[in-house]
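Results of the structural survey
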Amino acid sequence: MTLKQELCAKQDWTSGFRAGIRILAPTTYIFFASAIPVISFGEQLERNTDGTLTAVQTLASTALCGIIHSIIGGQPLLILGVAEPTVLMYTFMYNFAKDRKDLGHKLFLPWTGWVCLDCPVALLAGHSWCMLHNPQIYTPCWLIISIFKGLVEEFGVPKTQREGTNQIALQSSWLFGNGMFALVLSFGLLYTGLRSRKARSWRYGTGWLRGFIADYGVPLMVLIWTGVSYIPVNKVPRGIPRRLFSPNPWSPGAYSNWTVVKEMLNVPPLYIIGAFIPATMIAVLYYFDHSVASQLAQQKEFNLRKPSSYHYDLLLLGFLTILCGLIGIPPSNGVIPQSPMHTKSLATLKHQLLRHKLVSTARTSMQKNVNLTQLYQSMKEAYDVMQTPLVPHMAPTLGLKELKESTIALVSSHGYMDAPVDEVVFDVNKDVDDLLPVEVKEQRLSNLLQALMVGACVAAMPLLKKIPTSVLWGYFAFMAIESLPGNQFWERILYLFTAPSRRYKLLEEHHATFVETVPFKAIALFTLFQTVYLLLCFGITWIPIAGVLFPLLIMLLVPVRQYILPKFFKGAHLQELDAAAYEESPAIAFNMSFEDPSNQASTAHISGGKFLMKLLQGVVENFATLTAPKQQVQLQLQLQ
């Protein structure tokens, strides 16, 4: 093991523990994002497999694979869990097995054990294929389909009659009432969840309260809307609203699947050989999902310092798939959007830790009446202490670098360098936020803790069954919306619906490079192709017999992208539109000069974002206002 690898392995744990109690915020956030879909998928599997697999098995798989990956996985930011593609494939396999006398319900799980044994072979065989198609378009789509199906089912008769359900609840009037109440709970959770994530910018409440709501607001909204679901009690039949259903882990038969390895030799040889066919399809889905989740969790915009581990994580996924098959539980793989959500939550944590340190350092320095050069030096030293020594030659953050090279140079040129700095000149609360770039608290602790909490849900099943299913659909919608920022497919859709006379507005902000380099017609045609292909992939899953073939459509993306699309689009345009991660271009200013400081009408973007613009204008104006007559303040800055 190299020195760099040893540092990474050590800091993966020490960095998490040094964060203290703050690590619980991203842990809780990603725990709910991981556990709630897994419970929902488990309930769906229970209906589709006649109780053979339940939420107990999906939670156990997510917890087991998550714990192992968080400890020995190559990229600990990657979140593993049972996903919708696994549910679809296991449903198709069960429908195939139950109608065959020599296989049937009894040998379904032993046969899936053989399927899981063949999956790593198929993964290795297909690893040489490159997933050339832009994966981001599929990030929120599984969730959107699940939301649509779930809310439609809330208005219909449930597929399984649950114990204790009043037959009056199955009348048409009550079914309609259940559906409408489900919409209230779903959109209520969605709206309040999105609002709570922005609590730090609220005008009301103390700082710690706003921070607490921003960190833990979404889990709290799940509890609050679950409580709201119990308000209508008078004359409401039992079964409205519908709630999660799953057997308790100690119920009879709930743990019979753990010994399926003993029955695997009872599977007829023909089905053992034929297991390679569904194994290939599952391998395609896992290779796609796992690779996409890993890429999105390690996007360039996150500025990760530690190396990626795509090949090793795929190898580990193969072993985990075998393990899950041998103990009769559905395998887990890298999931979206939970994985990029995990990275984003850790970026927020790193921002908070750095901000707290720099604010404290800046205020301590100001109390000593330091000048701007000394302030910068103290902040730089505090920042360097908070960084990992993996890349010692890396320059300080962009914001701190610009503070030194631009702001200090400008102020020095006007003779104000030695003046003491106070909060009138340097607004600590505002300017420090703009100094900090996106950075991530890279560690393993949050992944391990969330996997342990998912495992604890198995024992907490009696409590989880009190959550309405409609709250799940609202949380799914929240996750889908959280995954949209930075999604190029979504950005292109918004661009297509922007009025031609208003498209220049996009250029005044940070924007994707394809806006400048790709013709509008090419953007529209490529987006239309992706939309049609996306609808085709999901439409085929509604066909009972042909639905099992939908992984083939994903496999076809490779030859379609490599041989067909280049006939309709230029290579340079495809590279821009189909990139796994697109580059952003800086804003284009239409007025590149500052006029009278009191005139706020003219705006321009300066390299480095809002910080440099505000700090250049604010620091210079405040220094000049304090030390010179007003007529000497008006500066004409020609910025490149």
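Cut-offs and rules
Residues numbered from 1 in each chain as written. Predicted model: local features only at pLDDT ≥ 70, side-chain atom pairs only at ≥ 80, totals over all residues. Heavy atoms only, no water. Helix = DSSP H or I, 4+ residues; strand = E, 2+ residues; numbered from the N terminus. Buried < 20%, exposed > 50% of the residue type's maximum accessible area, 1.4 Å probe, protein only. Patch = residues over 30% accessible without salt bridge, like charges linked within 9 Å, V, L, I, M, F, W, Y side chains within 5 Å. Areas by Shrake-Rupley, 256 points an atom, 1.4 Å probe, with all protein chains shown as cover. Salt bridge = Lys/Arg side-chain N within 4 Å of Asp/Glu carboxyl O. Core = buried A, V, L, I, M, F, W, Y, C linked by side-chain atoms within 4.5 Å. Contact = heavy atoms within 4.5 Å. Polar contact = N/O pair within 3.5 Å; in protein donor to acceptor, adjacent residues only side chain to side chain. Phe/Tyr/Trp six-rings, centres within 6.5 Å; stacked < 30°, edge-to-face > 60°. Axes fitted to C-alpha atoms, helices over the stretch in contact; angles between N-to-C directions. Parallel < 35°, antiparallel > 145°, perpendicular 65-115°, else oblique. Left-handed = near helix turned anticlockwise from the far one by under 90°. Nonpolar A, V, L, I, M, F, W, Y, C, P; charged D, E, K, R; others polar. Expected span 1.5 Å × (residues − 1). pLDDT = per-residue confidence, 0-100. Disulfide = S-S within 2.5 Å.

Before going further, it helps to spend a moment on the overall build of the protein. Along the backbone of the protein there are 26 helices and four strands. Per-residue burial over the protein gives 53% buried out of 640 residues.

A surface patch of nonpolar side chains, amounting to about 600 Å² of accessible area, comprises Trp208, Leu209, Phe212, Leu220, Leu223 and Ile224. Residue position: tryptophan 208 is located in helix α8 (residues 207–228). By relative accessible area, tryptophan 208 is classed as exposed at 64%.

To continue, consider the nonpolar core. Soluble globular proteins: nonpolar side chains tend toward being buried together. By size, the foremost hydrophobic cluster in this structure holds 94 residues, and its most contacted members are Leu59, Phe108, Trp111 and Tyr475. Each residue touching phenylalanine 108, except ones within four places of it in the same chain, is listed here: Thr52, Leu53, Tyr90, Met93, Tyr94 and Ala97. One finds Val515, Ile523, Leu565 and Leu574 within the second-largest nonpolar core, a separate group that totals twelve residues.

On to the side chain of threonine 86. You can see threonine 86 is positioned in helix α4 (residues 84–98). Under the relative-accessibility criterion, threonine 86 is labelled buried at 2%. Engagement of the side chain of threonine 86 in a polar contact is seen with the side chain of tyrosine 286, the distance being 2.9 Å. Ignoring any residue separated from it by four or fewer positions in sequence, one finds threonine 86 in contact with Tyr286, Pro330, Pro331 and Asn333.

Here we take up the packing of aromatic side chains. All chains considered together, the criterion is met by 13 aromatic pairs. Note on phenylalanine 31 and phenylalanine 32: the rings are 5.2 Å apart at their centroids and 75 degrees apart in plane angle, and the pair reads as edge-to-face. Owing to a relative accessible area of 11%, phenylalanine 31 belongs among the buried residues under this scheme. Judged by relative accessible area, which is 16%, phenylalanine 32 ranks as buried. The structure contains a cluster of three or more aromatic residues connected by ring pairs, namely Phe41, Trp473 and Phe476.

Let's shift gears to the pattern of salt bridges. On inspection of all chains with the given rule, the structure shows two salt bridges. Here glutamate 153 makes a salt bridge to arginine 47, at a shortest N to O gap of 3.8 Å. In this pair, glutamate 153 sits in helix α6 (residues 141–154) while arginine 47 sits in helix α2 (residues 24–48), placing the two residues 106 residues apart along the sequence. With relative accessibility at 30%, the residue glutamate 153 sits in the partly exposed group. For arginine 47, a relative accessible area of 22% puts it in the partly exposed group.

The next thing to look at is the side chain of threonine 58. Within the secondary structure layout, threonine 58 lies in helix α3 (residues 55–72). Look at threonine 58 and you get buried, because its relative accessible area is 0%. One polar contact links the side chain of threonine 58 to the main-chain carbonyl oxygen of alanine 55, over a distance of 3.0 Å. Filtering out sequence-adjacent residues up to four positions away, threonine 58 remains in contact with Val38, Gly42, Leu45, Val82 and Pro330.

Omega for the bond connecting isoleucine 336 with proline 337 falls within 30 degrees of zero, at 5 degrees, which places this linkage in the cis form. Tracing the sequence through the fold places proline 337 in the loop between β2 (333–334) and α12 (338–367). In the Ramachandran plot, aspartate 50 falls in the positive-phi region, its phi being about 55 degrees despite a non-glycine side chain. Along the polypeptide, aspartate 50 turns up in the loop between α2 and α3. On the basis of relative accessible area, aspartate 50 is assigned to the exposed category, the value being 54%.

The next thing to look at is the packing of α8 against helix α18 (residues 469–482). Where α8 contacts α18, the two axes come as close as 10 Å, and the packing angle between them is 155 degrees. In terms of their interaxial angle, α8 and α18 are classed as roughly antiparallel. Of the two possible hands of crossing, α8 and α18 adopt the one that is right-handed. Of α18, the residues touching α8 (which contributes Val218, Val222 and Trp225) are Val471, Tyr475 and Phe478. Classifying every residue of the contact of α8 with α18 by side-chain character gives six nonpolar, no polar and no charged.

The next subject is the packing of helix α7 (residues 172–196) against α8. As a packed pair, α7 and α8 sit with axes 8 Å apart at the nearest point and diverge in direction by 165 degrees. As judged from the angle between their axes, α7 and α8 are roughly antiparallel. Crossing of α7 over α8 shows right-handed handedness. Contacts from Phe181, Val184, Leu185, Gly188, Leu189, Thr192, Gly193 and Ser196 of α7 reach α8 at Ile213, Ala214, Gly217, Val218, Met221, Val222, Trp225 and Val228.

Before going further, it helps to examine the environment of isoleucine 481. Looking at where isoleucine 481 falls in the secondary structure, it is placed in helix α18. By relative accessible area, isoleucine 481 is classed as partly exposed at 34%. Apart from the residues lying within four places of it in its own chain, the contact partners of isoleucine 481 are Leu190 and Leu194.

With 17 residues, helix α11 (residues 310–326) extends 25 Å between its outermost C-alpha atoms, agreeing within 8% with the 24 Å of an ideal straight helix rising 1.5 Å per residue. Of all the residues in α11, the buried ones are Asp313, Leu314, Leu316, Leu317, Gly318, Leu320, Thr321, Cys324 and Gly325. Taken from the residues just after α11, glycine 328 is the one with a positive phi, measuring 75 degrees.

Now for the confidence of the model for the protein. In this model, the protein carries a mean pLDDT of 75, and residues with pLDDT of at least 70 account for 72%. Long-range and interchain partners of residues 128–133, a stretch whose pLDDT sits below 50, account for 17 contacts in this model, where long-range means more than four residues apart. Every residue in residues 590–640 is under pLDDT 50, and counting partners more than four places away or in other chains gives 83 contacts.

Attention now moves to the environment of phenylalanine 568. Counting through the fold element by element, phenylalanine 568 comes out in the loop between α24 (557–564) and α25 (571–577). Distance from phenylalanine 568 to leucine 525, taken between C-alpha atoms, is 9.3 Å for residues 43 residues apart in sequence.

By secondary structure assignment, the location of valine 228 is in helix α8. Beyond its immediate sequence surroundings of up to four residues, valine 228 is in contact with Phe181 and Leu185.

Next up on the list: the state of the cysteines. Enumeration according to the criterion identifies zero disulfides in this entry. No disulfide involves cysteine 119; its sulfur sits 5.6 Å from that of cysteine 116, the nearest cysteine.

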